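Spelled out, the chains give:
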Amino acid sequence: GEGVVPALRDAWQRHLRPDAVVVPIRARVFAQVLEGKDTVACYRGPSAPEPCPDGEERLCLSSDHRDVLLGGPGRGGIRHPIRGEALFEKMSPDSPLCDYELAKELSEPVQVLDFDLSDPEGIPSEVGRKKVRQSIPAIASGTAHGVLFWWELDMEDDVTYTTEPSTNRFQDHWQQCLWVFGQDDDQCPKLAEGAKFSLVASHNDFEISFFIDEKVSDDAKPPPAKQQKVESDTDTINKYISPDRAMQLNDKMRLEVFRSVVASALREKGKTNASTMLHLGDFSLCAIMAGVMADGTGGNLQISSLESSSGNLPLTAATVAQIGNNLPRQGTNFQVLQAHAENLTLPLIDPGGNSSPDIVCAEPYYEMLEGWHVQEALNLFYTLRMLRRKGIVQSSCSVMPKEAKILGCAVQLDGIGEAYRGGYEVFSTNFATNVSEASIIRGFEHEAALSHAGRYHTFSANFPLWQYHHTFLSKPFELATLPYHDGGEIRRNGEVTKC
């Protein structure tokens, strides 16, 4: 709720008169339990197979396959905003982006929290955490991977605004939210159709969380206005990566492509020869893959992985490599270098031989650019160009991937195409004030705010297209090619673009 509870608590305590009127008057939270391997559980992990196939990496923090980067066997979960409609309906059935299994509803939506914001006594204290337990029946059998929740606001006695999926005209600034249980699939609650279970909602000033309790409460009444105050829950799961990054690393096809790239690079230079590999991109994914693949091959592979993130990701990558995958293994040396690319020197990359790398492998992923894939691809291009100019990367070096193609496609966007554009309809204008009646909402002028709608075409926006209604109007076309392997210039529609 963007801090509405502490904001109004402070307002009542320090600023408002006893007879003050506040907007909104009340707020309610609704929740629905879901099963969804492709759409809910994908935001935890990434899942690690047990046992791990030979020659494959384990993206875990230890030898325990449950000790994942986001989630774990402990108690807790992951919050992630989402357009709830896409969980139950494919936004474009013919789109390759919508090749996933829809979520399954395991319960009806139920009200779990209620706040009377017009009464200072109805606003919870800032001390502790508040819980509400609901006993509800399962409407289908399945594994509870998470909870979809949303809220509604009473703006006036007869005006209610709701963010329930598919009930309002299109809006994109207040989405629904997923609570994803952090446990592995076999540890998530199993529900049986018709059997009751307890859904426990918990909140503090800024967060809402859920868990499913095997103990069933006999109290089926709606939750009280004043929730029970309890001690804070202990969230013990790992949270080393974002939900979107977990979803990316859960993509088995994507991982297999990178494994084939690494295997190809190792074959090209020969596993039996002494060679040096430099990995570019945060998290050291391809470097870890190479270290596992080269185990026991009789070669001597020096792997140096450059980590430019200033956060915890370099340490996380080192943990996954050393503890999760037992690197370095026989025939390899492995190191993580936390530095910027411009500070690299040959003695850092190859401490023993001071030689330039024979192989450069990269996953174009950078924590600061997460989700902006074109910018990630460009960042890798310019990093390689700078390393070539410094003499770090020589012409004889094998670079994988060899190039990146930036593609485009004409697309029709229903809903989102109307929300993020200018030219809103003007029914009439009050010439005394020069304000259009269309911009007067419940007596307040929104002319200045609406004027910004005409500027959305001037900057890039990042949308997960699978969550929005869309229709492809053309086949994909190539916008540019970024050559990584030969140090060439960017090619744009068959032309060379000087940089």
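Data block above holds the structure.
Everything numeric here is computed off the predicted structure, so don't read it as measured data. (Residues numbered from 1 in each chain as written. Predicted model: local features only at pLDDT ≥ 70, side-chain atom pairs only at ≥ 80, totals over all residues. Heavy atoms only, no water.)

### Let's talk about the overall build of the protein chain
Phase 1 of the analysis: When helices and strands are tallied, the protein chain shows ten helices and 30 strands.
Phase 2 of the analysis: Relative to its full complement of 499 residues, the protein chain shows a buried share of 46%.
Phase 3 of the analysis: Partitioning the contacts of the protein chain with sequence separation of at least 6, the portion at a separation of at least 24 is 80%. (Helix = DSSP H or I, 4+ residues; strand = E, 2+ residues; numbered from the N terminus. Buried < 20%, exposed > 50% of the residue type's maximum accessible area, 1.4 Å probe, protein only. Contact = heavy atoms within 4.5 Å.)

### Structural notes on the pattern of salt bridges
Phase 1 of the analysis: Throughout the structure, instances matching the rule amount to 23 salt bridges.
Phase 2 of the analysis: Among the ionic pairs, Asp114 bridges to Arg26, the shortest N-O distance being 2.7 Å. Here Asp114 is found in strand E5 (residues 110-116), whereas its partner Arg26 is found in strand E1 (residues 26-35), with 88 residues between them in sequence.
Phase 3 of the analysis: The partner of Arg83 in a salt bridge is Glu85, and the shortest N-O contact between them spans 3.0 Å. (Salt bridge = Lys/Arg side-chain N within 4 Å of Asp/Glu carboxyl O.)

### Re the side chain of His65
Phase 1 of the analysis: With respect to the element layout, His65 can be found in the loop between E1 and strand E2 (70-71).
Phase 2 of the analysis: Residues within four places of His65 in sequence aside, it is in contact with Ala48, Pro49, Glu50, Arg58, Cys60 and Asp184.

### Observations concerning empty space enclosed by the protein
Phase 1 of the analysis: Counted according to the given criterion, the structure contains two cavities of 30 Å³ or more.
Phase 2 of the analysis: Here the second largest cavity defines a volume of roughly 40 Å³.
Phase 3 of the analysis: In terms of lining, the second largest cavity is formed by Phe381, Leu384, Arg385, Arg388, Pro483, Tyr484, Gly487 and Gly488. (1 Å grid on protein atoms, 1.4 Å probe; cavity = no way out; pocket = protein on both sides within 12 Å on 5 of 7 lines; lining within 4 Å. Points joined across faces, edges and corners; volume = space filled by probe spheres on them.)

### Here's the deal with unusual backbone geometry
Phase 1 of the analysis: A cis geometry characterises the amide bond from Val23 onward to Pro24, with omega recorded as 5°.
Phase 2 of the analysis: Residue position: Pro24 is located in the loop between helix H1 (4-14) and E1.
Phase 3 of the analysis: Geometrically, the link from Gly45 to Pro46 is a cis peptide bond, its omega value of 5° lying close to zero.
Phase 4 of the analysis: Phi is positive for Phe283, close to 90°, though the residue is something other than glycine.
Phase 5 of the analysis: The exposure class assigned to Phe283 is buried, which follows from its relative accessible area of 1%.

### Structural notes on the pairing of strand E12 (residues 196-203)
Successive side chains on a regular strand alternate, one facing one side of the sheet and the next facing the other.
Phase 1 of the analysis: The buried fraction of E12 amounts to seven of the eight residues, a majority that puts the element mostly inside the structure.
Phase 2 of the analysis: Pairing of E12 with strand E13 (residues 208-213) involves six bridges; the strand directions are antiparallel. When the bridges of E13 are listed, Ser198 appears paired with Asp213.
Phase 3 of the analysis: Two successive antiparallel strands, E12 and E13, enclose a turn made up of four residues. (Pairing = 2+ DSSP bridges.)

### Comments concerning a nonpolar patch on the surface
Phase 1 of the analysis: Together, Leu97, Val411 and Phe472 line one region of the surface with nonpolar side chains, adding up to about 220 Å² of accessible area.
Phase 2 of the analysis: Along the chain, Leu97 falls in the loop between helix H2 (85-88) and strand E4 (104-105).
Phase 3 of the analysis: Assessed through its relative accessible area of 41%, Leu97 is described here as partly exposed. (Patch = residues over 30% accessible without salt bridge, like charges linked within 9 Å, V, L, I, M, F, W, Y side chains within 5 Å. Areas by Shrake-Rupley, 256 points an atom, 1.4 Å probe, with all protein chains shown as cover.)

### What to know about the packing of aromatic side chains
Phase 1 of the analysis: In total, this model carries seven aromatic pairs according to the counting rule given.
Phase 2 of the analysis: Seen from their ring centres, Phe381 and Tyr382 are 5.1 Å apart, and the 80° between their planes marks the pair as edge-to-face.
Phase 3 of the analysis: Judged by relative accessible area, Phe381 falls into the buried class, the value being 2%.
Phase 4 of the analysis: Ring geometry for Phe463 against Tyr468: centres 5.7 Å apart, planes inclined by 75°, an arrangement best described as edge-to-face.
Phase 5 of the analysis: Its relative accessible area of 3% is what places Tyr468 among the buried residues. (Phe/Tyr/Trp six-rings, centres within 6.5 Å; stacked < 30°, edge-to-face > 60°.)

### A word on the pairing of E1
Phase 1 of the analysis: The buried fraction of E1 amounts to nine of the ten residues, a majority that puts the element mostly inside the structure.
Phase 2 of the analysis: The sheet contact formed by E1 and E5 spans six bridges and is antiparallel. Looking across to E5, one finds that Ala31 is bridged to Val110.

### Overview of the nonpolar core
Phase 1 of the analysis: In terms of nonpolar packing, the biggest core is built from 55 residues, with Leu178, Leu249, Val262, Met277, Phe283 and Cys361 touching the most fellow members.
Phase 2 of the analysis: Beyond its immediate sequence surroundings of up to four residues, Val262 is in contact with Cys286, Met289, Ala290, Met293 and Cys361.
Phase 3 of the analysis: Leu8, Val29, Val110 and Ile123 belong to the second-largest nonpolar core, a separate cluster that totals 35 residues. (Core = buried A, V, L, I, M, F, W, Y, C linked by side-chain atoms within 4.5 Å.)

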